[in-house]
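Structural overview for review
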Amino acid sequence: MKRYISLLFGCVCCCLAATITTSCSDSYMEELNTDESKVAKIDPNAQLTTALLQTYGDFSLMDTYRNYITGFTQHFAGGWNVTNYAGAVHFENDIARRIWDRYYEVSVKNLVDAIHNSEDKPNLNAALRIHRVFLIAVLADTYGDVPCEEAGLGYISGISTPKYDTVEELYSWFFTELDACVAQLGTGTDRISGDVTSLGGDVTKWKQYANSLRMRYAMRISDVAPARAQQEFEKAMAGGYITTAADEAYVIYSDSPYTFYDGANEYDFRTNALSEILYGQDPSSPTFVSSTLFYQLQNTGDPRLYRICRHYYNIKRSQIKPDKEQNIDLTDDVLAYFASRNIGEEPCNVGAAWYDNWMDVITIDNIPTLAKWAEMDANTYDNSDYRARATRPSLNIDFEMPSCPGILITAAEVQFLLAEAKTMGWNVEGDAQSHYEAGVRLSMEMLNSHYLTSNKITDDEVNTFLANNPLGANPKQTINTQAWILHLMNPSEAWANMRRSDYPAVLDRTRLATFPGDGFVYDDPDLSMPTRLRYPELELQYNSVNYNAAIQRMGGKDNWHNRLWWDTADLNVQDTFTPPFGKGYEE
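Everything quoted here is computed from the prediction, not taken from an experiment.

1. Considerations on empty space enclosed by the protein
- Counting across every chain of the model gives 9 cavities of 30 Å³ or more.
- Its boundaries defined by the atoms lining it, the largest cavity holds a volume of some 130 Å³.
- Lining the largest cavity are 15 residues, with Met446, Leu447, Ile485, Leu486 and Leu488 positioned closest to its centre.
- Elements with a contribution of two residues or more to the lining of the largest cavity: α22 (432–450) and α24 (475–486).

As structure tokens, then:
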């Protein structure tokens, strides 16, 4: 401050000495008012880092994933948020808009700017463009027609009201853009130093990643444009794709304390915010596993059942990051209690909160692990609400660690894509059964490598599961049900692939109970699961012409039951649901 004042005073003196006929030079004033701690131009590598980390690291946009998308996929149910929004089929603009707002405000804007400023860096430029395709695909698969060609060009071209490209146009662009990026990678000597993924800036791995994405998007359009889908899939295969776990693509996050909304506001994306929000913001809001997922795993003898589902008493759990001590694992005690009473677990149905259809509360004398704690502090460790919560299966906290990977695409997914492509007669080497088995094996190995901190799945367990669960007479259902389990921590792809394949057969939301007395909002007469999210309401105010054009293409209403271009049929639902314990369909 003293230096600033003295310089300013010197400038004034100079001006006065010149009898006020001249002024301080423009160059002098420009130098004086330049903050040397700030850069005039952002490094495109830094912008790539920001965009990659935001993919799963932005806590605020994860509200949309937790409250809507993980409920639509029926992976999770029972928590208040997923029950009130997805479970009650209740639209809330402030929740639904967050993926749109945050990706366009931060990542897309950064990527477009960085692409514009990296034309002399072909490898980096290609990586930036590949991630832009990934994010635009998430936006399009979530909302439908979205801005792309003109998005993020406000500063560069002065376009403040970008047009909405149709989903069909976008998918055609995905193929063209990814093909061009693969051709461009390796043509320069520049390093992709801003890469914070498992690809490590390796141009060969980025090529494999781009081709694998192209295979995913080709399969997405296989029902609506089968010839184009086959052509793009086979061309991507020929270019080389992800075949092993060592080559799969995921964002790397740090084992740092959770930051919640404050971190998102400050663009602190270092930790996996999807894991963070599934852990919950307080001890009363853990993530419960939906009965759809629970029974799928249980009925097929899947060894992942109690690797994914656990029973916790968590009244004093850490909010810095999950801890093993105060997330007291009562799984063995609870299962022993159920067995002794000849009863079973009652996982939460879609649309029900954990306290609906209340179970008999397990008493402390039936929980030996917790009883030891209660002897020291009964007020804390013998709380009936928390004992009741502990009887519902919830998500293993191993999936809720800050350093969990942010999945982009895995070797397991690619194997499932190859398996399904083979069943459709596409030119794929090998047989569908082998690709399916490889996909299942890689899926379980991925849990061992990236999530499970103990009690790893054994080879014998995998072999037994595969022997008892072959590809079968309906390979499309078998393959895509396994893909759905694989995508547990990749909600956007789980939802998109469900709508494309129409599997797994999920619970019919319209035949499950509602609980208006608990304060849940039921404002949609159609309780079937939505197939897209509505556009942010502010789009009508700030981009009305393009917004209205997109609405007209949907028939004049922003209808979240309107299927996307590639979604040609309704999702399959289970005709009957009579669980051995708990509540089934209402007749």
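Here the narrative resumes, following the displayed structure.
2. A closer look at the environment of Arg191
- By the element assignment, Arg191 lies in the loop between α10 (167–184) and α11 (203–220).
- Linking Arg191 and Asn84, residues 107 residues apart in sequence, is a C-alpha distance of 47 Å.

3. Observations concerning the packing of aromatic side chains
- Tallied over the entire structure, the rule returns 36 aromatic pairs.
- Taking the centre distance of 5.6 Å and the plane angle of 70° together, the rings of Trp100 and Tyr535 count as edge-to-face. With a gap of 435 residues between them, Trp100 in helix α7 (residues 98–116) and Tyr535 in the loop between α25 (491–501) and α26 (538–542) connect regions that are remote in the sequence. Comparing Trp100 with Tyr535 shows no difference in burial state: the two are buried.
- Through a chain of ring-to-ring contacts, three or more aromatic side chains come together here, namely Tyr68, Phe72, Trp80, Tyr85, Phe91, Trp495, Phe520 and Trp560.
- The ring of Trp566 carries Arg220 above its face, with NZ or CZ at 5.6 Å from the centroid.
- For Arg389, the ring lying beneath its charged end belongs to Tyr386, and the centroid distance is 4.2 Å.

4. Considering the nonpolar core
- One finds Tyr68, Leu139, Tyr209, Tyr217 and Phe233 to be the most contacted residues of the largest nonpolar core, which totals 157 residues.
- Setting aside residues no more than four positions away along its own chain, Tyr217 makes contact with Val133, Phe134, Ala137, Tyr171, Phe174, Phe175 and Leu178.
- Among the nonpolar cores identified, the runner-up in size contains 16 residues, and Met359, Leu370, Tyr386 and Ala390 belong to it.

5. Let's talk about the layout of surface pockets
- Of the pockets and cavities examined, the largest pocket occupies roughly 520 Å³.
- In terms of lining, the largest pocket is formed by 20 residues, of which the most central are Trp100, Tyr104, Ser160, Pro162 and Glu539.
- Of all elements in the fold, only α7 and α26 reach the threshold of two or more residues within the lining of the largest pocket.
- By residue number, the principal contributor to the lining of the largest pocket is α7, which donates 5 residues.
- Each residue belonging to the lining of the largest pocket can be placed in one class, and the counts come to 10 nonpolar, 4 polar and 6 charged.

6. So, the side chain of Glu400
- Locating Glu400 in the fold gives a position in the loop between β7 (394–395) and β8 (406–409).
- Glu400 has contacts with Tyr258, Ser275, Leu278, Tyr279, Thr287, Pro322 and Leu395, leaving out every residue within four places of it along the chain.

7. Points about the side chain of Asp558
- Along the chain, Asp558 turns up in the segment after α27 (544–553).
- On the basis of relative accessible area, Asp558 is assigned to the buried category, the value being 13%.
- At 3.0 Å, the side chain of Asp558 forms a polar contact with the backbone nitrogen of Tyr535.
- Those residues in contact with Asp558 that lie beyond four places of it in its chain are Arg532, Arg534, Tyr535, Tyr547 and Ile551.

8. Side note on unusual backbone geometry
- The linkage connecting Tyr503 with the following residue, Pro504, adopts the cis geometry, with an omega of 5°.
- We note that Gln74 has phi near 60°; this positive angle belongs to a residue other than glycine.
- Checked against the element boundaries, Gln74 lands in the loop between α4 (62–72) and α5 (80–87).
- Using a relative accessible area of 0% as the deciding quantity, one classes Gln74 as buried.

9. Describing the packing of α24 against α25
- One way to put it is that α24 packs onto α25 with a least axis distance of 10 Å and a crossing angle of 165°. Relative to α25, the element α24 lies roughly antiparallel. Note on packing geometry: the crossing formed by α24 with α25 is left-handed. Across the interface between the two elements, Lys476, Asn480, Ala483 and Trp484 from α24 touch Asn497, Met498, Arg500 and Ser501 from α25.
- Here the contact of α24 with α25 is built from residues that sort into 3 nonpolar, 3 polar and 2 charged.

Calculation notes
Throughout, residues of each chain are indexed from 1 in the direction in which the sequence is written. With pLDDT at 70 or above as the cut-off, local features in this predicted model cover only qualifying residues; side-chain atom pairs require 80 or more to be listed or tallied, and sums for whole chains, interfaces and linings still use all residues. Note that water and hydrogens are dropped before the side-chain values are worked out from all heavy atoms of the structure. In this analysis, the protein atoms alone were mapped onto a 1 Å grid. Cavities are point sets where a 1.4 Å probe fits without being able to get out; pockets are open sets with protein on both sides within 12 Å along at least five of seven lines; lining residues have an atom within 4 Å of a point. Grid points are joined across faces, edges and corners, and a volume is the space filled by probe spheres set on the points. Here a strand is any run of E in DSSP of at least two residues, a helix any run of H or I of at least four, and the numbering for each starts at the N terminus. Note on aromatic contacts: the rings of Phe and Tyr and the six-membered ring of Trp form a pair at centre separations within 6.5 Å, being stacked when their planes are under 30 degrees apart, edge-to-face when over 60 apart, and tilted otherwise. Think of it in three bands: with a 1.4 Å probe and only protein chains considered, a residue is buried below 20% of the maximum accessible area for its type, exposed above 50%, and partly exposed in between. Either the NZ atom of lysine or the CZ atom of arginine qualifies as a charge over a ring when it sits within 6 Å of the ring centre and within 35 degrees of the ring normal. Here, the term nonpolar core denotes a set of buried Ala, Val, Leu, Ile, Met, Phe, Trp, Tyr and Cys residues that are joined through side-chain atoms within 4.5 Å. Any pair of residues with heavy atoms lying within 4.5 Å of one another is described as a contacting pair. In this classification, the charged set is Asp, Glu, Lys and Arg, the nonpolar set is Ala, Val, Leu, Ile, Met, Phe, Trp, Tyr, Cys and Pro, and all remaining amino acids, among them Gly, are polar. Identification of polar contacts relies on pairs of N or O atoms within 3.5 Å, with a donor-acceptor requirement for protein atoms, meaning one able to donate a hydrogen and the other able to accept it, and with residues adjacent in sequence counted only if both atoms are side-chain atoms. As a rule, the C-alpha atoms of each element are fitted with a line to give its axis, helices using only the stretch in contact, and angles between N-to-C directions run from 0 to 180 degrees. Here the angle decides the label: under 35 degrees means roughly parallel, over 145 means roughly antiparallel, 65 to 115 means roughly perpendicular, and every other value means oblique. A crossing counts as left-handed when the near helix is turned anticlockwise from the far one by less than a right angle, and as right-handed when that turn is clockwise.

Bear in mind that shape data such as this cannot, by itself, settle questions of function.
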